[in-house]
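These are the residues of each chain, in order.
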Amino acid sequence: MENKTTIVNLTEEEFVYPGNRACSGCGLSIIYKIGLKALGKNTILVVPPSCLTVLQGVYPVSTTKLPVVNVTFASTGAAATGVRGAMKALRKEDVNVVAWAGDGGTGDIGIQALSGACERDEDIIYICYDNEAYMNTGIQRSGTTPQGVLTTTTPIKGKLQQKKDVPAIIAAHGIGYVATASAAYPLDLYDKVKKATTLPGPKYIHVHSPCPPGWNFESRYTIKIGKLAVQTGLFDLYEIEDGRFRLTGASKKLKGRERKPVTDYFATQGRFKSLDKDLVARVQAQIDAKWANY
Amino acid sequence: MHIIDSGNVAAATGVKLSRAQVIAAYPITPQTPLTEKLSEFVESEELDAQYIPVESEHSAMAVCIAASTAGTRAFTATSANGLLYMNEQLHWAVGARLPIVMCVANRGIGAPWTVWNDQQDTIAQRDVGWIQIYANDHQQIIDSVIKAFRLAQTVSIPVMVCYDGYLLSHTYMPFDLPDQEKVDEFLPPFKAANFLDPENPGNFNPVTLPDVRPDQSGTTRPGYIEIRHRLQMDLRASLEVYKEIDADYKKDFGRGGHPFVEEYKCDDADFVAVCIGSLSYHLRDVIDAMREDGIPVGVMGVQLYRPFPDQAIVQALAGKKHVIVFEKALSYGNQGALYADIKSALYNAADRPTIQNFILGLGGREIKTEQLLAVLREACAKPGTAEDTPRWVGLKL
Amino acid sequence: MTTENFEEIISRGTPGPGDGGRTGSWRVLRPEIDLKVCIPAKTNKMACFTCWLYCPDCAVSKTIPPVIDYNYCKGCGICAEECPAGAITMVDEATPMKEEK
Ligand SMILES: Cc1ncc(C[n+]2csc(CCOP(=O)(O)OP(=O)(O)O)c2C)c(N)n1
Ligand code: SF4
Ligand code: SF4
Ligand code: SF4
Ligand SMILES: [Mg+2]
C-alpha cells in the first residue's frame, strides 16, 4: 500500500459510541472502531450473533452510528447479498455493504452462505474477526481455535485438531481481494479496509482479535499479544490481490529477519497451559516451513 | 386475457405483475419451474428485478429478509424440505415484520423421500406467524400472489401463498391474466417506514430485553414480549384487512369474495366436508353425486389458514349436523391440525355440530373419487358416532 | 419517562452512548496521564496519540493534551502498556483523582 495512513492523519470521526458492553481490553472493539473509520458513513452493516451483537448494544440503544441489520447465525453472506441486491434495485450502488462476523459465524456455520456470496461475485466486504473460539456463548472451541487450546469444550487436553485456514478457503474462490490483519496493527487494518471499499466484487478481510477472557490474559496485553502472534510468524499479515500474494506491514518486515520463538507467544496466555513439548515443536516447525516458502 | 399454463407459471406471472424487486431462487421440486420462469422474466427484462440464485433456502430467506429490511419488495418460493430448512428464517422474517411474499408448492416431507403432494410442509409452519393463503386453482394462485403483496405491506407481516404440488403446480389450466396497469393501481409501490439508511442509522433486531427499557430521550421502549404481543394483535387485525383487500380486488378484477372460506352447496347442507387446497374442488364432484342421491352435503375450502378465521368458520359450520375434516397433514401424535383448530373454534358455538377427521393423500397417495364418496356417505349416514381419533383413507395395510 | 409509548412494532435501536451504562464503574485501575511526559502535551504538537489509537472504548481524545473520559474508560490498561513515553500509569481506583474536573 502506497499512501500509508498514520496515527496523526487518521480521522478523528468515530462511528462507535463509548459505554458499550464489550469486555475491557477487547480486541474486537479496536478492530471495529478502526474498521468503521475506514468504511465511513455510507455503509450498511450485516451482523450475525456474536460478541459484536453485544458490543452493538441492547434495544433501544445502538452503539453504532451506522445502519445495522442483525441476521441469523448461518446467513451473514446471504444477508449481505440481499442488502446489495436491494441497493442495486434502489439504484444506490455507492453504499458499502459490509458483513461483519466472528470466526465461528464465518468459518463454521456461516461458511456456506459466505462461499455462495463469493462464488456469485457479490459486491460486499466481509470482515471476520478471529478471536479463535465461540466467545459469545462462553469460549467453546471453533474450527479456527488453534491446536492445543483450552476452551470450555476442550477443557483438559486442549483442542486436538488444527486451526482451519479460513482466508485460504475464501481465496480458493478466486475472489479479487483477500487480506489478513490484526487488532494490534490498526493502521494496516485501516488501509486494507479502505482499499476494500474501492474494489469491485467480494472482499474478505480476516482479522486476528485477541480476547482477554477467552485467551486468559490480562486486558492490558491485548496489543502486545496480537503483535507477538505476528512477530513469531504464527499469524501473518498479507494481501492476496487478484491472486497475487504478498506480505504486508509487520509481517513483510519480518522477511529475512529472525522471528521470535512461538513459545514467547504461548507463554502469554492461559489458554496454552496444557501444550506439551511435542506440539510446541511441531507448531514451531510448521511456522519455519511456512516462512521458508515466503 | 386468458392463457393456459401451469400453476407455477401462474405464480411467477403474479410475481412479475407485482413488480417484485429482489427475488431469491433455489430449486426444489415441485416449485422449481416457478423459479425458472422468474429467471426468464428477469433475463428477458420483462421484469426489472435482482434475481439472486442463492446456495440454499436458508440463504434465500436471508436474501429476502435483508432486501426487505433495506426497503425493497422481496420474493422467494420453495417446497417441503426447502421450507423446513428456512424455519429459523421464517421466524426471523415475521419477528422483523417484513412484508416478504413466498410461494410454497406443497409437498410431503422426508424421511422417506417423497416429491409428491401433501400439505405437511406448510401446516408444520403454522405457528411461525406468517400469514398462510391457500389457492385452489391457477386463477386463485395468480390472484392470491398479487393480493398477498398488498396484504404483506399493509400489515407488515410476511405472507405464504400455498398451492398443491403437481396437482396445481404442474397441471395446465386456463386463467385470466390481470392487466398490468390495473395491478399497479391495486398494488402501490412498496415504501418501508423504517429501512437500512445511512442517513438515518438504526440497529435492526438487536438483543431485546425481557423488560421494557427507556431510550435516550427517556421514552419507554417495548421489551420482547410487547413486540411479540403486537405481532399477535396485528395478525388478528389482518383478518379484516385481508377481507378489505379481497373486496377491492373483486371490485377491480371481478374475482374473489371468499377470503377466508370458499363454500360450495353449504347453505342448505346438514353435512359439510372441510379441507384445504385443491381437494376442495375435487370434493365438489363427490358433493354433486351425493346431492343427486338427496344427501344434503356441501364442501368448504379453507383459504386463509393463518391467521385462523375462526369466526368465519363458526359462522359457516354452527347449526350443521356433522362436519367432516379431510387433511393431507397431521400434527403427529395428535390429530389433524385443521381438525383441532376447527374443533377449538366451535367449542363456544351455541349449536355445534359433531365433527370427524380423515387423513389422506400423504406423500402423493392418489385420492380416488370413489373413496371420498364412500367415506363421506358413511360419515353422513352415521353422524355423531365418530371417534375423535383421525381415520386414514385408502391405507393398504 | 413515559410508559405508554409502544408505537414501534419492531426492535430498532437508535445510536447513542452508554448502552452498558457508565462503564467507567468497571474500573479497578485508573489510567492517569503525566502531562510532563506525554509527547503531544510536552511538545504541543499533534504527535503520538498511541493511546487514542488503541483505546478499545473511544475513551481518549485526540487532543493536546489527550483527555481520558472516565465516564466510560473501562480501565483495561492498554494505553498505559502501549504509551511509548511511559506517560500513563494505572493507579488504584480507590486513590483520589489528582485534578478533579
Ligand atoms: C443457529 C444458531 N446456533 C447457535 C447459536 C448460538 N451462538 C450465538 S453466538 C455463538 C458464537 C459465535 O462465535 P463467533 O462467530 O466466533 O463470534 P464470537 O462470539 O466469538 O465473537 C453461538 C454458538 C445461534 N445464535 N444460532
Ligand atoms: S469475549 Fe473477547 S471478543 Fe468477546 S467482547 Fe469479550 S474480549 Fe471482546
Ligand atoms: S500514548 Fe502516551 S505519549 Fe502518546 S499521546 Fe498518549 S499519553 Fe501521550
Ligand atoms: S485504553 Fe483502556 S485504560 Fe486506557 S483509556 Fe482506554 S479504556 Fe481506559
Ligand atoms: Mg469467535
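Residues numbered from 1 in each chain as written. Chains lettered and ligands numbered in written order. Predicted model: local features only at pLDDT ≥ 70, side-chain atom pairs only at ≥ 80, totals over all residues. Heavy atoms only, no water.

So, the overall build of chain A
- Secondary structure summary: chain A contains 12 helices and nine strands in total.
- Projected onto its principal axes, the C-alpha positions of chain A cover 60 × 40 × 40 Å.
- Out of the 294 residues in chain A, the part that is buried amounts to 64%.
- Long-range pairs, those at least 24 residues apart, make up 69% of the contacts in chain A between residues at least 6 apart in sequence.
- With the model as given, the accessible surface of chain A reaches about 10400 Å², and the carbon-plus-sulfur share is 53%.
- Charge-centre separation for chain A: the mean point of 36 positive side chains lies 3 Å from the mean point of 27 negative side chains. (Helix = DSSP H or I, 4+ residues; strand = E, 2+ residues; numbered from the N terminus. Buried < 20%, exposed > 50% of the residue type's maximum accessible area, 1.4 Å probe, protein only. Contact = heavy atoms within 4.5 Å. Areas by Shrake-Rupley, 256 points an atom, 1.4 Å probe, with all protein chains shown as cover. Lys, Arg positive; Asp, Glu negative; His and termini not counted. Charge placed at Lys NZ, Arg CZ, Asp CG, Glu CD.)

Details of the nonpolar core
- Membership of the largest hydrophobic core comes to 222 residues, with the highest contact counts inside it found for Trp100 of chain A together with Phe75 of chain B.
- Mapped onto the domain boundaries, this core takes at least three residues apiece from domain 1 (2-186) and domain 2 (262-392) of chain B.
- Setting aside its immediate chain neighbours within four residues, Phe75 of chain B contacts Val15, Ala20, Val22, Ile23, Ala24, Leu34, Leu38, Cys64, Val101, Met102, Cys103 and Phe149 of chain B.
- Of all hydrophobic cores here, the second largest spans 24 residues; its members include Leu372, Leu373, Leu376 and Ala379 of chain B. (Core = buried A, V, L, I, M, F, W, Y, C linked by side-chain atoms within 4.5 Å. Domains from an automatic or database assignment.)

Focus on the pattern of salt bridges
Residues and elements named next belong to chain C.
- As enumerated under the stated definition, the model contains 50 salt bridges over all chains in all.
- Two residues, Glu93 and Arg30, come together in a salt bridge whose shortest N-O distance is 3.4 Å. Of this pair, Glu93 sits in the segment after β3 (88-92) while Arg30 sits in strand β2 (residues 29-33); the two residues are 63 residues apart in sequence, bridging distant segments of the chain.
- The partner of Lys74 in a salt bridge is Asp57, and the shortest N-O contact between them spans 2.7 Å. On the criterion of sequence distance, the pair formed by Lys74 in the loop between α2 (50-54) and α3 (78-82) and Asp57 in the loop between α2 and α3 is long-range, its members being 17 residues apart. (Salt bridge = Lys/Arg side-chain N within 4 Å of Asp/Glu carboxyl O.)

A few points about the domain arrangement of chain B
Residue and element names in this part refer to chain B.
- Domain assignment breaks chain B into domain 1 (2-186) and domain 2 (262-392).
- Distance from the C-alpha centre of domain 1 to the C-alpha centre of domain 2: 27 Å.
- In this assembly, 21 residues from domain 1 lie in contact with 23 residues from domain 2.
- Here domain 1 and domain 2 share an interface that buries about 1800 Å² over both sides, 50% of which is from carbon and sulfur atoms.
- Where domain 1 packs against domain 2, one counts one salt bridge.
- Lys328 serves as the salt-bridge partner of Asp164, at 3.7 Å between the closest nitrogen and oxygen.
- At the boundary of domain 1 and domain 2, one finds 16 residue pairs in polar contact (both at pLDDT 80 or more). (Buried area = accessible area lost by both parts, 1.4 Å probe. Polar contact = N/O pair within 3.5 Å; in protein donor to acceptor, adjacent residues only side chain to side chain.)

Looking at the sheet that holds strand β7 (residues 203-208) of chain A
- Spatially, 11 strands are ordered β2(A)-β1(C)-β9(B)-β3(A)-β1(A)-β4(A)-β5(A)-β7(A)-β6(A)-β8(A)-β9(A) in an open sheet, and the strand pairing comes out mixed. Of all strands in the sheet, those with a lone pairing partner are β2 (61-62) and β9 (244-247) of chain A, marking the two edges.
- When strand β3 (residues 68-70) of chain A meets strand β9 (residues 203-204) of chain B, the two strands line up parallel, connected through two bridges. If you follow Val69 of chain A over to β9 of chain B, its bridge partner there is Phe204 of chain B. (Pairing = 2+ DSSP bridges.)

Brief notes about the coordination of the magnesium ion (ligand 5)
- Protein-derived ligands of the magnesium ion (ligand 5) are Asp103 of chain A (OD), Asn131 of chain A (OD1) and Ala133 of chain A (O), with the metal-ligand distances lying across 2.0 to 2.1 Å.
- On the accessibility criterion, Asp103 of chain A (2% relative accessible area) is buried. (Donors = N, O, S within 2.8 Å, 3.2 Å for Na, K, Ca; no water.)

A word on a positive patch on the surface
Residue and element names in this part refer to chain A.
- Taken together, the side chains of Lys4, Lys252, Lys253, Lys255 and Arg257 make up a positively charged region of the molecular surface.
- You can see Arg257 is positioned in the loop between α10 (249-254) and α11 (262-266).
- The exposure class assigned to Arg257 is exposed, which follows from its relative accessible area of 55%. (Patch = residues over 30% accessible without salt bridge, like charges linked within 9 Å, V, L, I, M, F, W, Y side chains within 5 Å.)

Notes on the site of ligand 2
- The immediate surroundings of ligand 2 are formed by Cys23, Cys26, Cys51, Asn131, Met135, Cys211, Pro212 and Pro213 of chain A.
- For the shell around ligand 2, the residue count by class is seven nonpolar, one polar and no charged. (Near = heavy atom within 4 Å. Nonpolar A, V, L, I, M, F, W, Y, C, P; charged D, E, K, R; others polar.)

Notes on the side chain of Ser75 of chain A
- Mapped onto the fold, Ser75 of chain A is located in the loop between β3 and α3 (76-89).
- The contact partners of Ser75 of chain A, leaving out residues within four places of it in the chain, are Ala113 of chain A together with His58, Ala62 and Gln89 of chain B.

As for the sheet that holds strand β3 (residues 50-53) of chain B
All names here are of chain B.
- The mixed open sheet is built from seven strands, whose spatial order is β3-β2-β4-β5-β7-β6-β15. Only two strands of the sheet have a single partner each, and these edge strands are β3 and β15 (304-306). Along the sheet, successive strands turn relative to each other by an average axial angle of 20°, direction set aside.
- Where strand β6 (residues 131-134) and strand β7 (residues 159-164) come together, four bridges link them in parallel fashion. Bridging from a neighbouring strand, Gln132 pairs with Met160 of β7. (Axes fitted to C-alpha atoms, helices over the stretch in contact; angles between N-to-C directions.)

Things to note about the interface of chain C and chain B
- Counting residues at the interface gives 17 residues for chain C, matched by 26 residues for chain B.
- Across the interface of chain C and chain B, roughly 1900 Å² is buried in total on both sides, 49% from carbon and sulfur atoms.
- Residues Arg213 of chain B and Asp19 of chain C are paired through a salt bridge, measuring 3.0 Å at the closest nitrogen-oxygen approach.
- When the residues that make up the side of chain C that touches chain B are grouped by side-chain class, the tally is six nonpolar, seven polar and four charged.
- Bridge analysis of β9 of chain B against strand β1 (residues 12-15) of chain C gives two bridges, and the strand direction is antiparallel. What sits directly across from Asn203 of chain B, in β1 of chain C, is Gly13 of chain C.

Brief notes about unusual backbone geometry
- Residue Pro60 of chain A follows Tyr59 of chain A across a cis peptide bond; omega there is 5°.
- Looking at where Pro60 of chain A falls in the secondary structure, it is placed in the loop between α2 (51-55) and β2.
- Look at the link from Ala111 of chain B to Pro112 of chain B: it is a cis peptide, with omega at -10°.
- Tracing the backbone through its elements, the reader meets Pro112 of chain B in the loop between β5 (101-106) and α6 (120-123).
- Backbone geometry at Asn216 of chain A places phi at a positive 65°, although glycine is not the residue there.

A word on the packing of aromatic side chains
- All told, the structure shown has 15 aromatic pairs over all chains when counted by the stated rule.
- In textbook terms, an aromatic cluster arises when at least three aromatic residues are bridged by ring pairs, as seen for Tyr238, Phe245, Trp291 and Tyr294 of chain A.
- The positively charged end of Arg271 of chain A is found above the aromatic ring belonging to Trp215 of chain A, 3.8 Å away from the centroid.
- Positioned over the ring face of Tyr347 of chain B is Arg352 of chain B, at 5.3 Å from the centre of the ring. (Phe/Tyr/Trp six-rings, centres within 6.5 Å; stacked < 30°, edge-to-face > 60°. Lys NZ or Arg CZ within 6 Å of the ring centre and 35° of its normal.)

Considering the site of ligand 4
- Close to ligand 4 lie Pro31, Cys55, Pro56, Val60, Ile68, Cys73, Lys74, Gly75, Cys76, Gly77 and Cys79 of chain C.
- By residue class, the composition of the shell around ligand 4 is eight nonpolar, two polar and one charged.

Observations concerning the environment of Cys83 of chain C
Residue and element names in this part refer to chain C.
- By the element assignment, Cys83 lies in the loop between α3 and β3.
- The class of Cys83 is buried, set by a relative accessible area of 16%.
- In the structure, Cys83 is positioned 14 residues away from Asp69 in sequence and 17 Å away in space, judged by C-alpha atoms.

What about the interface of chain A and chain C?
- Each partner contributes to the interface: chain A provides 44 residues, whereas chain C provides 37 residues.
- Summed over both partners, the interface of chain A with chain C buries about 3200 Å², with 56% contributed by carbon and sulfur atoms.
- Broken down residue by residue, the surface that chain A buries against chain C is led by Ile7, Tyr59 and Arg220 of chain A, which jointly contribute 21%.
- Where chain A touches chain C, the interface holds four salt bridges.
- One salt bridge connects Arg21 of chain A with Asp19 of chain C, and the closest N-O pair in it is separated by 2.7 Å.
- One can count 23 residue pairs in polar contact (both at pLDDT 80 or more) joining chain A with chain C.
- When residues of the side of chain A that touches chain C are traced back to their parent elements, those giving at least two are α1 (27-39), β2, α7 (186-198) and α9 (222-231) of chain A.
- With five residues, the single largest contributor to the side of chain A that touches chain C is α1 of chain A.
- As judged from the two bridges shared by β2 of chain A and β1 of chain C, these two strands associate in the parallel manner. Among the inter-strand pairings, Val61 of chain A is bridged to a residue of β1 of chain C, identified as Thr14 of chain C.

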